[in-house]
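# Understanding the architecture of this molecule
One-letter residues, chain by chain:
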Amino acid sequence: MKKKFFGSVEAFDTNWKKTPEANNIYWVKKKPINQIQFSFNMLWKLFHNIINNNKITGKKVIEIGCGRGTISSYFADNGYDVTLLDSSNTAIQIAKKIFTKNKHKAYFVTSTLENYNRFETFDIIFSIGLMEHYKKIDKPLIDQIKLLKKGGLMFTATLNRSLMSYLKAIVGAEYILRWLPIGTHDWNKFLKPEELEK
């Protein structure tokens, strides 16, 4: 019987060490050539449009739970002062290699959000695929808001609790493609938009 994956810091770090695709680079300067690159590129364009529409001129940005830091690569390439935060030191080392290869600059921090204690604030804070790993989201959301400058902008991209997300994130990514260890996601922790708004 396979050991259940519960989303601990150690389990995430082990996953980054063992996953063959962990070192893949999904940031591209030119036209995306596959679906994953296309998805990240479209997400960056969405973020960029929202930033412009809200007239956010500050350039300090932090990605919480950055992984390889694909969206942060887009921010860095567009002149932002980028900080990448992840609990997995392996993920941070992978992000450093990718940023070096792409000639992007950033500040890298190995820490959980709860233990991150630098006394600074950011114009833009974002996380992708992070909230669904918490049993209760109030504290991590508050911890992020504390890092946000007045008038700043926070993005939280997480999985909607739907049949489609179950099929893609659990059946597809964990059981069929084996991109993630079985048990990485708990569908009951996925968040509907109205739950996140509360």
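These remarks concern the structure in this document. Bear in mind that the values here come from a model prediction, so they are computed numbers and not experimental data. (Residues numbered from 1 in each chain as written. Predicted model: local features only at pLDDT ≥ 70, side-chain atom pairs only at ≥ 80, totals over all residues. Heavy atoms only, no water.)

## Topic: the sheet that holds strand E4 (residues 122-128)
Two orientations exist for strands paired in a sheet by backbone hydrogen bonds: parallel and antiparallel. Note the threshold: When DSSP finds two or more bridges between two strands, those strands count as paired. Strands are runs of DSSP state E lasting at least two residues, helices are runs of H or I lasting at least four, and both sets are numbered from the N terminus onward. Angles run from 0 to 180 degrees between N-to-C directions of axes, and those axes are lines fitted to C-alpha atoms, restricted for helices to the stretch in contact.
The parallel open sheet is built from five strands, whose spatial order is E3-E2-E1-E4-E5. Unpaired on one side and paired on the other, strand E3 (107-110) and strand E5 (148-157) mark the two borders of the sheet. For this sheet, the mean angle separating the axes of adjacent strands, direction not counted, is 15°. Where strand E1 (residues 60-64) lies against E4, four bridges are found, and the strand directions are parallel. Considered in E4, the bridge of Val 61 is made with Ile 124.

## Let's talk about the pattern of salt bridges
Let me state the cut-off plainly: Within this document, salt bridges are pairs made up of a side-chain nitrogen of Lys or Arg and a carboxyl oxygen of Asp or Glu, the two lying within 4 Å of each other. With a 1.4 Å probe rolled over the protein chains alone, any residue whose accessible area is under 20% of its type maximum counts as buried; one over 50% counts as exposed, and the rest are partly exposed.
Summed over the entire model, instances satisfying the criterion amount to four salt bridges. Between Lys 139 and Asp 143 there is a salt bridge; the shortest N-O distance is 2.8 Å. On the criterion of helical spacing, the pair formed by Lys 139 and Asp 143 is a turn pair, its members being four residues apart in helix H5 (residues 138-146). Of the residues examined, Asp 143 reaches a relative accessible area of 12% and is grouped as buried.

## Some details on the nonpolar core
Most often, soluble globular proteins have nonpolar side chains that are buried together. The condition that has to hold: What makes a nonpolar core is a set of buried Ala, Val, Leu, Ile, Met, Phe, Trp, Tyr and Cys residues whose side-chain atoms join them at distances within 4.5 Å. Here, two residues are considered to be in contact whenever any of their heavy atoms come within 4.5 Å of each other.
Ranked by internal contacts, the top residues of the largest apolar core, which has 23 residues, are Ile 51, Phe 75, Tyr 80 and Ile 124. Counting residues per element, the ones that place at least two in this core are helix H2 (35-53), helix H3 (70-77), strand E2 (81-86), helix H4 (89-101), E4 and E5. A total of four residues in this core trace back to one element, the largest contributor, which is H3. Each residue touching Ile 51, except ones within four places of it in the same chain, is listed here: Ile 56, Phe 75, Tyr 80, Ile 124, Leu 153 and Phe 155. The next biggest cluster of nonpolar side chains, apart from the first, holds eleven residues, and it includes Leu 85, Ile 125, Leu 130 and Leu 147.

## A short note on H5
Stated formally: In this description, the arc belongs to the directions extending from the helix axis to the C-beta atoms.
Turning to H5, its buried residues number three or more, namely Pro 140, Leu 141, Asp 143 and Gln 144. For H5, the angular spread of buried residues about the axis comes to 160°, placing them on one side. Opposite the buried face of H5, by more than 90 degrees, sit the exposed residues Asp 138 and Lys 146.

## A few points about the side chain of His 104
What counts here: N or O atoms closer than or at 3.5 Å make up a polar contact, with two conditions inside protein: a donor-capable atom paired with an acceptor-capable one, and, for residues adjacent in sequence, both atoms drawn from side chains.
By secondary structure assignment, the location of His 104 is in the loop between H4 and E3. Here Asp 77 takes part through its side chain, which lies 3.2 Å from a polar atom of the side chain of His 104. When near neighbours in sequence (up to four residues on either side) are disregarded, His 104 contacts Trp 27, Ser 73, Ala 76, Asp 77 and Phe 99.

## So, the packing of aromatic side chains
Threshold: Stacked, tilted and edge-to-face are the three classes applied to pairs of Phe, Tyr and Trp rings, where Trp contributes its six-membered ring and a pair requires centres within 6.5 Å; stacked means planes under 30 degrees apart, edge-to-face means over 60, and tilted covers the rest. By definition, being over a ring means that NZ of Lys or CZ of Arg is both within 6 Å of the ring centre and within 35 degrees of the ring normal.
Scanning the model with the defined rule gives nine aromatic pairs in all. Arranged with centres 4.1 Å apart and planes meeting at 15°, the rings of Phe 47 and Phe 155 form a pair that is stacked. Here Phe 47 is found in helix H2, whereas its partner Phe 155 is found in strand E5, with 108 residues between them in sequence. The structure contains a cluster of three or more aromatic residues connected by ring pairs, namely Trp 27, Trp 44, Phe 47, Tyr 74, Phe 75, Tyr 80, Phe 126 and Phe 155. Of note, Lys 59 hangs over the ring of Tyr 80, and the distance from its end group to the ring centre comes to 4.1 Å.

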